[in-house]
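Fold and geometry: a report
This is what each chain is made of:
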Amino acid sequence: MNVDQAARSVLAEREIADKLAGAARIWSQWQAQELDLVAQFEPPLDIAGIPDRPPLAPPSSMPRRQLNGPENHAALIHALAHIEFNAINLALDAVQRFAGLPSDFYADWLRVAAEEAYHFSLLREHLHSLGKDYGDFPAHAGLWEMAEKTAHDPLARMALVPRLLEARGLDVTPDIQRKLRGFGDAAGADILDIILRDEIGHVAAGDRWFRYLCAQRDLQPEAAFQALLATPGIPRPRRPFNESARMAAGFSAQELAELDPGKKPANPDIHVAN
């Protein structure tokens, strides 16, 4: 089987167990050299398979929850699990959508998909310990909306999913861990230790391929990133940053200093689809 076909088949899965098993399986198949890397002949899927639950709503309609009781505690873990489930689909989409890149690109995102599936499993098991399951709370579709906006261009995808949205996860995780430990949930905070470690690698993969694509187009990476951030509707990074994690993932100290909402960058010839 071709690697894009394998990723497409798992991306289309709607059953949670099949999605998780499939992500692990095709990563193992790649490592065993059982998947072929050939030119893409089939059009990519534009809709990822998702389960019937949770119900999805716009990000702006989601309530801001305080960690002040069992229900909101479970809702927080559910929100984290939802991010990881969407991240499986985002990684698989990169594999099945963007043809003609080096084999290491597909290796990176198959590995990421398998790790995101593991993260989701950890959080779902923890959610079970709280008497809830994935799907018991509403969730938002913001991550997949960004996938749709960047479906036309792997450079935009690498910039605005790993380097923007997933890097935001690096920033907020330590504070979530502090809150969980303060609430008495050491187990949840320990799960986030695993996720934070792996997510640094995921952001680093996005950074690596973003810089590769910038070099292919003779673009200066930091200027190209700023230009994409200036697109209307794209959220700006905001402080505080987890500077050590971001620098481990490929951001420079100078770039972090320049991630200022008031900065007006030059505009290289790249864009985000509406």
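See the structure shown above.
Fair warning: this is a prediction, and the values are worked out from it, not measured in the lab. (Residues numbered from 1 in each chain as written. Predicted model: local features only at pLDDT ≥ 70, side-chain atom pairs only at ≥ 80, totals over all residues. Heavy atoms only, no water.)

Some points on the overall build of the protein chain
Helix and strand content of the protein chain: ten helices and two strands. When the elements of the protein chain are put in sequence order from the N terminus, they spell out α-α-β-α-α-β-α-α-α-α-α-α. The principal-axis extents of the C-alpha atoms in the protein chain amount to approximately 50 × 50 × 30 Å. Counting every atom, the protein chain has about 12,700 Å² of accessible surface; 53% of that belongs to carbon and sulfur. Charged side chains of the protein chain number 28 positive and 38 negative; the gap between the two group centres comes to 6 Å. (Helix = DSSP H or I, 4+ residues; strand = E, 2+ residues; numbered from the N terminus. Areas by Shrake-Rupley, 256 points an atom, 1.4 Å probe, with all protein chains shown as cover. Lys, Arg positive; Asp, Glu negative; His and termini not counted. Charge placed at Lys NZ, Arg CZ, Asp CG, Glu CD.)

A word on unusual backbone geometry
Across the junction of Arg53 and Pro54, the peptide omega takes the value 15°, indicating a cis bond. Looking at the element boundaries, Pro54 is found in the loop between helix H2 (16-31) and strand S1 (56-57). Residue Pro240 follows Arg239 across a cis peptide bond; omega there is 5°. A positive phi angle, close to 60°, is found at Gln33, a residue other than glycine. Here Gln33 lies in the loop between H2 and S1. Exposure remark for Gln33: the relative accessible area of 71% places this residue in the exposed category. Of note, Asp218 is a non-glycine position whose phi angle comes to about 60°, a positive value. Note on placement: Asp218 falls in the loop between helix H7 (186-216) and helix H8 (221-229). (Buried < 20%, exposed > 50% of the residue type's maximum accessible area, 1.4 Å probe, protein only.)

Quick notes on the nonpolar core
Side chains of nonpolar character tend, in soluble globular proteins, to be buried together. Phe105, Trp109 and Leu160 are the most contacted members of the largest nonpolar core, which has 82 residues in total. For this core, the element with the most residues is helix H4 (residues 103-129), which contributes 13 residues. (Core = buried A, V, L, I, M, F, W, Y, C linked by side-chain atoms within 4.5 Å.)

Examining the environment of Leu155
Mapped onto the elements of the fold, Leu155 is located in helix H6 (residues 154-182). Judged by its relative accessible area of 0%, Leu155 falls in the buried class. With 93 residues separating them in the primary sequence, Leu155 and Met62 have C-alpha atoms 30 Å apart.

Structural notes on H7
In an α-helix there are 3.6 residues to a turn, and that puts residues three or four apart on one side. Here H7 contains 31 residues, and its C-alpha end-to-end distance of 45 Å stays within 8% of the 45 Å for a straight helix at 1.5 Å per residue. Asp218 lies just past H7 and shows a positive phi near 60°. (Expected span 1.5 Å × (residues − 1).)

Some thoughts on the packing of H7 against H8
The interhelical angle for the contact between H7 and H8, taken along N-to-C directions, is 105°, at an axis separation of 10 Å. The pairing of H7 with H8 is recorded here as roughly perpendicular in orientation. Of the residues in H8, those touching H7 at Phe210, Arg211 and Cys214 are Pro221, Glu222, Ala224 and Phe225. Of the residues belonging to the contact of H7 with H8, the class tally is five nonpolar, no polar and two charged. (Axes fitted to C-alpha atoms, helices over the stretch in contact; angles between N-to-C directions. Parallel < 35°, antiparallel > 145°, perpendicular 65-115°, else oblique. Contact = heavy atoms within 4.5 Å. Nonpolar A, V, L, I, M, F, W, Y, C, P; charged D, E, K, R; others polar.)

As for the pattern of salt bridges
Where charged atoms of side chains with opposite charge meet at close range, the side chains can pair. Under the counting rule described, the total for this entry stands at 26 salt bridges. In this structure, the salt-bridge partner of Asp4 is Arg8, at a minimum N-O distance of 3.0 Å. Within this pair, Asp4 and its partner Arg8 are both found in helix H1 (residues 3-11), separated by four residues, close to a single helical turn. Both residues of the pair, Asp4 and Arg8, belong to the buried class. Note that Arg181 is salt-bridged to Asp190, the shortest N-O span being 3.2 Å. Exposure remark for Arg181: the relative accessible area of 40% places this residue in the partly exposed category. Relative accessible area serves as the criterion here: at 41%, Asp190 is assigned to the partly exposed category. Through salt bridges with shared partners, one network takes in Arg163, Asp207, Arg211, Glu222 and Glu255. (Salt bridge = Lys/Arg side-chain N within 4 Å of Asp/Glu carboxyl O.)

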